[in-house]
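Chain and residue survey
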Amino acid sequence: MKKIISIFIVIAILSMITLVPISQAAALDTIDVKTNKITVRPGEEVILTINFGQNLGAYTFNIDYDDDVFDYVSVDGGTTNVVNDKVKVTFYDSTGGTNPRNSMSAIFKAKADITTSNPTEFTVTAEGLANPDASVQFDDITTPIVKNLTVEPEYMDYTINLDYSGDIEKGKEKAMTLSYSSPMGRYYEHARLIAEATAPTGATVQLLATDQSNLEHDIIQSGWGDSQGSKIGGKDVEQILQTRAIFSEEGNYTVTLKLIDRDNSDSIIAEKQFNFSISEVQTPTTPDTTPTTPGTTTDNQDEVIKEAEETPKKLPKTGVDLYLPITAILIVLVSGYVYFNKKK
């Protein structure tokens with residue numbers, strides 16, 4: 001009896017093995033995750049592509065991203081479910097293996113208002129992986145596949161200027177406006193402005209500025225601001241400093257202004273050299289105000305006297321004198337009147 005029961009059990013097990021399809025499990029180590037950009041500008045899109053390395057008939061991929069940096073746009077390769085900073089993409093070949101896929105992709109867009117550098121990442125996990133006819137079930141990918149990238153603006157170089165107007169006189173202070181700026185400046189936590197100068201033998205040059213505590217600093221000797229530097233960067237950066245330059249002697253000078261990164265061994269962020277040629281300023285000629293000694297004349301006075309002598313004291317008469325013809329007419333009339341009276 002026991003033998004008969006044992007035989008039935010063995011037959012049942014063999015039947016089950018024969019009737020149930022054999023399903024294998026394997027590691028899918030051909031997955032490759034990539035992006036079409038390593039650096040993404042604000043407002044730009046980036047495509048995350050997952051290549052399977054072989055055809056799959058079913059899968060579910062989970063993509064995690066930083067929703068402070070990116071907005072989700074779309075997916076090609078499955079049905080999506082988006083919750084906060086996670087995108088779940090599910091695919092199943094309902095044709096039974098005639099329409100598998102070997103890749104999928106997702107599009108994300110960097111937020112337009114980003115003004116700083118944002119190192120970030122996409123992480124990918126997967127489950128429910130199977131070959132086209134589902135005869136092979138692949139292991140879940142539980143250790144995230146990480147793809148690193150950076151979202152940041154297109155930074156523009158900093159420029160340095162030192163402006164003034166008019167002539168520079170040796171030994172006298174000259175007001176100058178010192179500035180550095182950038183339409184979109186890269187961020188630095190500890191940037192500092194320093195200066196170097198060359199001068200003729202025996203001469204000196206100073207570039208003076210007064211801080212908020214009313215303390216005067218020579219930028220050439222000690223730089224400007226906190227010795228550890230200060231934070232700069234972002235859109236429309238402009239730092240303006242009113243300074244006073246003093247060149248002690250005539251000759252040629254150079255002043256080199258540098259913006260340095262204190263966190264990176266004082267590497268140069270921006271640099272510009274300014275050349276100055278200091279010469280003797282000519283004193284303007286002043287009019288001769290020496291009083292004239294009585295009895296003497298200057299050349300100008302002679303001219304005035306000559307003109308006065310040549311000017312007539314009484315203007316000559318012009319035109320016709322009317323008194324003469326009127327007098328003649330009266331004489332004729334009176335004479336005629338007397339003549340006719342005598343005849344009578």
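Anyway, here's the lowdown on the structure attached to this text. (Residues numbered from 1 in each chain as written. Predicted model: local features only at pLDDT ≥ 70, side-chain atom pairs only at ≥ 80, totals over all residues. Heavy atoms only, no water.)

**Description of the overall build of the chain**
Looking only at helices and strands, one finds four helices and 19 strands in the chain. Burial status across the chain gives 29% buried among its 344 residues. Taking as baseline every contact in the chain between residues at least 6 positions apart, the subset at least 24 positions apart corresponds to 72%. (Helix = DSSP H or I, 4+ residues; strand = E, 2+ residues; numbered from the N terminus. Buried < 20%, exposed > 50% of the residue type's maximum accessible area, 1.4 Å probe, protein only. Contact = heavy atoms within 4.5 Å.)

**Some details on the pattern of salt bridges**
According to the stated counting rule, one finds 13 salt bridges in the structure shown. Here Glu196 and Lys258 are joined by a salt bridge, their closest N and O atoms 3.3 Å apart. Of this pair, Glu196 sits in strand β14 (residues 174-198) while Lys258 sits in strand β18 (residues 251-261), and the two are 62 residues apart along the sequence. Using a relative accessible area of 14% as the deciding quantity, one classes Lys258 as buried. Asp266 is paired through a salt bridge with Arg262; the nearest N and O atoms lie 2.6 Å apart. A relative accessible area of 33% places Asp266 in the partly exposed class. (Salt bridge = Lys/Arg side-chain N within 4 Å of Asp/Glu carboxyl O.)

**A word on the sheet that holds strand β2 (residues 32-35)**
Spatial ordering of the open sheet is given by β2-β4-β9-β6, a layout of four strands whose pairing is antiparallel. Lying at the two open borders of the sheet, with one neighbouring strand each, are β2 and β6 (70-76). Geometrically, the sheet is characterised by an average inter-axis angle of 20° between neighbouring strands, direction not taken into account. The pairing of β6 with strand β9 (residues 101-110) spans six bridges and is classified as antiparallel. (Pairing = 2+ DSSP bridges. Axes fitted to C-alpha atoms, helices over the stretch in contact; angles between N-to-C directions.)

**Re the pairing of strand β10 (residues 118-130)**
Looking at chain direction, strand β5 (residues 58-64) and β10 are connected through six bridges and run antiparallel. What sits directly across from Ala58, in β10, is Ala130. Bridge count for β10 against strand β12 (residues 141-151) is eight bridges, and the pairing is antiparallel. Within β12, the residue paired with Phe122 across the bridge is Lys147.

Geometry only, nothing functional implied.
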